[in-house]
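Below are the chains, spelled out letter by letter.
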Amino acid sequence: TEWIDHTIEALETLCPGKSIWFTEWNIGAEGLGQWKDTGGELHFLASMFERFASRRDVVNIACLHQLSGDKFATFAFSQANLNVQRYASWHLCKLLGHQFANIEALHRADFAGSDLYGFATETAGDLKLFVVNPSDQPFNLALKSLGMQGGHRYWIDAAPEVKLD
């Protein structure tokens, strides 16, 4: 996700004070060839969402260019049998949709002493935490230390070698 920061820096130099829109981004055809419907694709998408959310100070719009269709899709619709094929990325987008539904505030999250990164959304005083663990090792996160009383944990194993459905 470093390219996002470099792009933002370049655009801020060229057009200071202007909002930035990322109107089309995805893992790319080469990346999909290797990572489609695996934890690797989910890790990429989660990292991108986290990076865009953490740069809301300048990034106003970030459009994921792979919602429907074949190759880049989160889901595909078959005209022949009227079935909907949902890919692993569909589940992540659904989870993020719940994360951002009716939010009143977006907060940066700091996980000192770990490789974790993420953000929190707030609605009516309730916080929802979105955390990405780039490691292959599990990490225990104490919610009380983050000012949260408890909650539900929804997770997706985004190990690159794991085939998801």
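One structure accompanies this document, and this report is about it. (Residues numbered from 1 in each chain as written. Predicted model: local features only at pLDDT ≥ 70, side-chain atom pairs only at ≥ 80, totals over all residues. Heavy atoms only, no water.)

Pairing in this open sheet of 3 strands is antiparallel, and the strands run 5-6-7 from one edge to the other. Looking at strand neighbours, the two that pair on one side only are strand 5 (105–109) and strand 7 (126–132), the edges of this open sheet. Geometrically, the sheet is characterised by an average inter-axis angle of 25° between neighbouring strands, direction not taken into account. As paired elements, strand 5 and strand 6 (residues 117–123) share 5 bridges and run antiparallel to each other. Its bridge partner lying in strand 6, Arg 108 is registered against Phe 119. Across the sheet, helix 3 (residues 39–54) lies against strand 5, strand 6 and strand 7, angled at about 60° from strand 6, the strand it touches most. (Pairing = 2+ DSSP bridges. Helix = DSSP H or I, 4+ residues; strand = E, 2+ residues; numbered from the N terminus. Axes fitted to C-alpha atoms, helices over the stretch in contact; angles between N-to-C directions. Contact = heavy atoms within 4.5 Å.)

Let's shift gears to the environment of Tyr 117. Mapped onto the elements, Tyr 117 comes out in strand 6. Taking the C-alpha atoms as reference points, Tyr 117 and Ser 47, 70 residues apart in sequence, are found 8.5 Å from one another. Within the structure, the side chain of Tyr 117 is placed 2.5 Å from the side chain of Ser 47, a separation counted as a polar contact. (Polar contact = N/O pair within 3.5 Å; in protein donor to acceptor, adjacent residues only side chain to side chain.)

Ranked by size, the top nonpolar core spans 22 residues in total, and within it Ile 8, Phe 22, Trp 25, Phe 52, Leu 92 and Phe 130 carry the most contacts. Looking at this core, the elements with two or more residues in it are helix 1 (2–14), strand 1 (20–25), helix 3, strand 2 (59–64), helix 4 (88–100) and strand 7. Per element, the largest residue contribution to this core is 7 residues, and it comes from helix 3. Setting aside its immediate chain neighbours within four residues, Phe 52 contacts Ile 4, Phe 22, Trp 25, Val 59 and Ala 62. (Core = buried A, V, L, I, M, F, W, Y, C linked by side-chain atoms within 4.5 Å. Buried < 20%, exposed > 50% of the residue type's maximum accessible area, 1.4 Å probe, protein only.)

We now examine the pattern of salt bridges. One pass over the structure, following the stated rule, counts 4 salt bridges. With a shortest N-O distance of 3.6 Å, Lys 36 and Glu 41 are connected by a salt bridge. Each member of the pair, Lys 36 as well as Glu 41, carries the same accessibility label: buried. (Salt bridge = Lys/Arg side-chain N within 4 Å of Asp/Glu carboxyl O.)

Turning our eyes to something else, we now look at helix 4. The first and last C-alpha atoms of helix 4 sit 19 Å apart over 13 residues, in line with the 18 Å expected at 1.5 Å per residue. On the buried face of helix 4, the contacting elements are helix 3, strand 2, strand 4 (84–86), strand 6 and strand 7. Just past helix 4, the residue Asn 102 takes up positive phi, approximately 55°. (Expected span 1.5 Å × (residues − 1).)

Here strand 6 pairs with strand 7 via 7 bridges, running antiparallel. Residue pairing across strands places Gly 118 opposite Val 131, the latter belonging to strand 7. The turn joining strand 6 and strand 7, which pair antiparallel and follow one another in sequence, is formed by 2 residues; a positive phi near 50° is taken by Ala 124.

At their nearest, the axes of helix 1 and helix 3 sit 10 Å apart, and the two run at 30° to each other. Considering the angle they form, helix 1 stands roughly parallel to helix 3. As for how helix 1 packs across helix 3, the hand of that crossing is right-handed. In this structure, helix 1 uses Trp 3, Ile 4 and Asp 5 to contact helix 3, whose residues at the interface are Met 48, Arg 51 and Phe 52. The class makeup of the residues in the contact of helix 1 with helix 3 is 4 nonpolar, no polar and 2 charged. (Parallel < 35°, antiparallel > 145°, perpendicular 65-115°, else oblique. Left-handed = near helix turned anticlockwise from the far one by under 90°. Nonpolar A, V, L, I, M, F, W, Y, C, P; charged D, E, K, R; others polar.)

So, about the packing of aromatic side chains. Scanning the entire structure with this criterion turns up 4 aromatic pairs. Taken together, a centroid distance of 5.8 Å and an interplanar angle of 75° make the contact between Trp 3 and Phe 22 edge-to-face. Note that Trp 3 is positioned in helix 1 and Phe 22 in strand 1, a separation of 19 residues in sequence. Each member of the aromatic cluster is reached from another via a ring pair, and the members are Trp 3, Phe 22 and Phe 52. The aromatic ring of Tyr 87 is capped on one face by Lys 36, whose charged end is 4.4 Å from the ring centroid. The lysine or arginine in question, Arg 86, covers the ring of Trp 90, its NZ or CZ lying 4.4 Å from the ring centre. (Phe/Tyr/Trp six-rings, centres within 6.5 Å; stacked < 30°, edge-to-face > 60°. Lys NZ or Arg CZ within 6 Å of the ring centre and 35° of its normal.)

Interpretation note: all reported values are geometric properties and have no functional meaning in isolation.
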